[in-house]
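Below, each chain spelled out in residue letters.
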Amino acid sequence: AVIVDNASGDDSPQQVERVIRDKGWGSWARLVRSPVNGGFSAGNNAGMRASDAEAYLLLNSDTLVRPGAIEALLEALRQRPEAGIVSPRLLLPDGRLHVSCYRFVTPIAVMLGAAKTGVISKLFSRYQVVLPESERPTEPQWTSFACVLIRREVVRQIGLMDEGYFMYFEDQDYCRLARKAGWKVVNWPAAVVVHLQGQSSPVRSLTAAKRRRPRYYYASRSRYYAKHYTVVGLWATNLLWCVGRAVSLGRELLGLKQPHLCEYEWLDIWTNALRPMRQPELATPRPADGLAPGAARPGELTTAATTDRKAVELGRG
């Protein structure tokens, strides 16, 4: 198991090394320290570069792996040779389903999200992003990378994750590239992982509160649409957002719906619109980065390149 500390700026590396030493895990677990916090993709890439394995398990620091989950994911790779990326069923701490399977967020889907109007959503139902829960294995277009098992051949064929994304949209991007290369993305509900959402990033809580999201979210968004739809496609996507927003704003003014978008979203969608492929700035995070002191930073303590159950115990610590 490889645990990556993404320049956490606290005593996390020392704590991890102490646990490895005290529990005698040194024969199979080790810590890799990154000098900078390059984000989610960079942290996971550091783990994958540090080990050669048949499959790479990318595991967020804010997850709890249920017994048998890793074995179930490995079994999925054995049963489905066409599957390049396999994800488990994600649950919230209270046992409710954590949505983790999606269709691609196309420009039309962006418009629908900004409009959030029942009639329009029904007319364009095939563009709805969230996929329903299933008790059987499914093939979503993309899946959450809170926990995911990636076949080695996929990494060799399409490369590591794009470090131009600091955080968000990198999982959708990687699944898109894998599917384009002929691999399938599979969700395997027999494997269960609990996701303590909100511990690695404030984006989810800010979105729920309709407050302003951090800049890195919109920078990743711009990169994704420019990369897969060209810069012109990014601008078209933003204009479609404006069309959807015009619909929702009209209904809000008429008292037919409550606001649902984040503060300054109309402005922030244009982040990096002129230079969407620029690389993120790398810096050591500080408490002023929008996270509570002691909270996990993007990409911290990522477990990768392991098929050993003991890695689950380390991921919990």
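Quick note: structure is the one above.
Residues numbered from 1 in each chain as written. Predicted model: local features only at pLDDT ≥ 70, side-chain atom pairs only at ≥ 80, totals over all residues. Heavy atoms only, no water.

## Some words on the side chain of Asp62
Now for step 1: In this structure, Asp62 sits in the loop between β3 (55-59) and β4 (63-65).
Now for step 2: For the buried residue Asp62, which engages in no salt bridge, the nearest side chain bearing the opposite charge is Arg204, 7.8 Å off.
Now for step 3: Among the polar contacts made by the side chain of Asp62, one reaches the side chain of His195 at a distance of 3.2 Å. (Helix = DSSP H or I, 4+ residues; strand = E, 2+ residues; numbered from the N terminus. Buried < 20%, exposed > 50% of the residue type's maximum accessible area, 1.4 Å probe, protein only. Lys, Arg positive; Asp, Glu negative; His and termini not counted. Salt bridge = Lys/Arg side-chain N within 4 Å of Asp/Glu carboxyl O. Polar contact = N/O pair within 3.5 Å; in protein donor to acceptor, adjacent residues only side chain to side chain.)

## Considering the pattern of salt bridges
Now for step 1: In this structure the tally under the stated criterion is 18 salt bridges.
Now for step 2: Two residues, Asp173 and Lys227, come together in a salt bridge whose shortest N-O distance is 3.1 Å. Placement of the pair is Asp173 in helix α7 (residues 170-180) and Lys227 in helix α9 (residues 215-253), with a sequence separation of 54 residues.
Now for step 3: Taking relative accessible area as the criterion, Asp173 reaches 1% and is therefore assigned buried.
Now for step 4: Judged by relative accessible area, which is 30%, Lys227 ranks as partly exposed.
Now for step 5: A single salt-bridge network, built from bridges that share partners, covers Arg80, Glu82, Glu139 and Lys184.

## With respect to the environment of Ala42
Now for step 1: In this structure, Ala42 sits in helix α2 (residues 40-49).
Now for step 2: The class of Ala42 is buried, set by a relative accessible area of 14%.
Now for step 3: Spatially, the C-alpha atom of Ala42 lies 7.8 Å from that of Phe166, the residues being 124 residues apart in sequence.

## Overview of the side chain of Arg89
Now for step 1: Structurally, Arg89 can be placed in strand β5 (residues 83-91).
Now for step 2: Polar side-chain contacts of Arg89 include one of 3.5 Å to the side chain of Glu135.
Now for step 3: Excluding its chain neighbours within four sequence positions, the residues that come into contact with Arg89 are Leu97, Glu133, Ser134, Glu135, Asn187, Trp188, Pro189, Ala191, Val192 and Val193. (Contact = heavy atoms within 4.5 Å.)

## Let's talk about unusual backbone geometry
Now for step 1: Positive phi outside glycine occurs at Phe169, with the angle close to 75 degrees.
Now for step 2: With respect to the secondary-structure elements, Phe169 resides in the loop between α6 (152-158) and α7.
Now for step 3: Here Phe169 falls in the buried class, since its relative accessible area comes to 12%.

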